[in-house]
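Chain and residue survey
Take a look at the letters that make up each chain.
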Amino acid sequence: MDTTSGGEERGRDNAKNVDGRKRHILVDSMGLLLAVLVTAASVDDAKAAAELFGRLDEQPMGKVRRVFADRKYHNYALYEWVETNARWELVIVRRPDGAKGWVKLPRRWTVERTFAWLGTCRRLSKDREKAVRSSEAFVKLAMIHLMLNRLEPKGGDAEFQYHTGNRSRGAGRAFSRPL
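Position labels on residues start from 1 in each chain and follow its written sequence. It should be noted that, the model being predicted, local features are given only for residues of pLDDT at least 70 and side-chain atom pairs only at 80 or more, the latter also being counted only at that level, while totals for whole chains, interfaces and linings use all residues. Computation of side-chain values covers all heavy atoms of the structure but excludes hydrogens and water.

Here's the deal with the packing of helix 3 (residues 108-119) against helix 4 (residues 132-151)
Interaxial angles span 0 to 180 degrees and are taken between N-to-C directions of axes, which are lines fitted to C-alpha atoms, for helices over the stretch in contact. Helix and strand labels come from DSSP, where a helix needs a run of H or I of at least four residues and a strand needs a run of E of at least two; each type is numbered from the N terminus. Where helix 3 contacts helix 4, the axes come no closer than 10 Å and their chain directions differ by 95°. With respect to their mutual orientation, helix 3 and helix 4 come out roughly perpendicular. Between helix 3 and helix 4, the contacting residues are T114, W117 and L118 on the first element and V139, A142, M143, L146 and R150 on the second. By definition in this entry, angles of less than 35 degrees are roughly parallel, angles greater than 145 are roughly antiparallel, angles of 65 to 115 are roughly perpendicular, and the rest are oblique. Here, residues are in contact when the closest pair of their heavy atoms is within 4.5 Å.

Have a look at this one:
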């Protein structure tokens, strides 16, 4: 995520051509936030993952058996950390051998969709925060806002509304108002 000038934890990720910071998130199967970590863009994803996964100790993770990650998290030190510290298995989602062009990878779309939801928040469109903790707090606030809008949608008179699966509303529309 490009950052404005100043602030702590800044760097450059040459692979993604980004100056500033990266947001690492861990979501459940519905795309709801479990943990967030903001680091300098120069920090390797697999190295940051151990700290991100460490934040799961505070979460109720009783039914989690597997955590899926993309190939940037393929790192033997990370596998060792998971084996020592976690009660779940780390599964790296890889592109099929010989695949060319765009390929839909299983499970990855859930995280990408969550980043798209976060991108609709004006405050998160660019990282303007000086402190990393403040940046992480705004990601959490944006997800709280999203979940509250799902519990109490705008325009409904009922005290509580259930949403059925195939409605005409897009997933990102419930989160279109800036914080």
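Moving on from the coordinates now.
Focus: the confidence of the model for the protein chain
What pLDDT conveys is the predictor's confidence in a given residue, as a value from 0 to 100. This prediction gives the protein chain a mean pLDDT of 77; 79% of its residues lie at or above 70. For residues 167-179, every residue scores under 50 in pLDDT, and the model assigns this stretch 25 contacts once sequence neighbours within four places are set aside.

Some details on the sheet that holds strand 1 (residues 11-13)
Here 3 strands make up an open sheet; going across it, the order is 1-2-3 and the pairing antiparallel. Looking at the sheet topology across the chains shown, the edges are occupied by strand 1 and strand 3 (33-40). Strand after strand, the sheet turns through a mean of 45° between neighbouring axes, direction not considered. Pairing of strand 1 with strand 2 (residues 18-27), which is carried by 3 bridges, proceeds in the antiparallel orientation. Paired with R12 across the two strands is D19, which belongs to strand 2. Where helix 1 (residues 45-54) meets the sheet, it contacts strand 2 and strand 3, and its direction lies at approximately 45° from that of strand 2. By definition, two strands form a pair when at least two bridges between them are found by DSSP.

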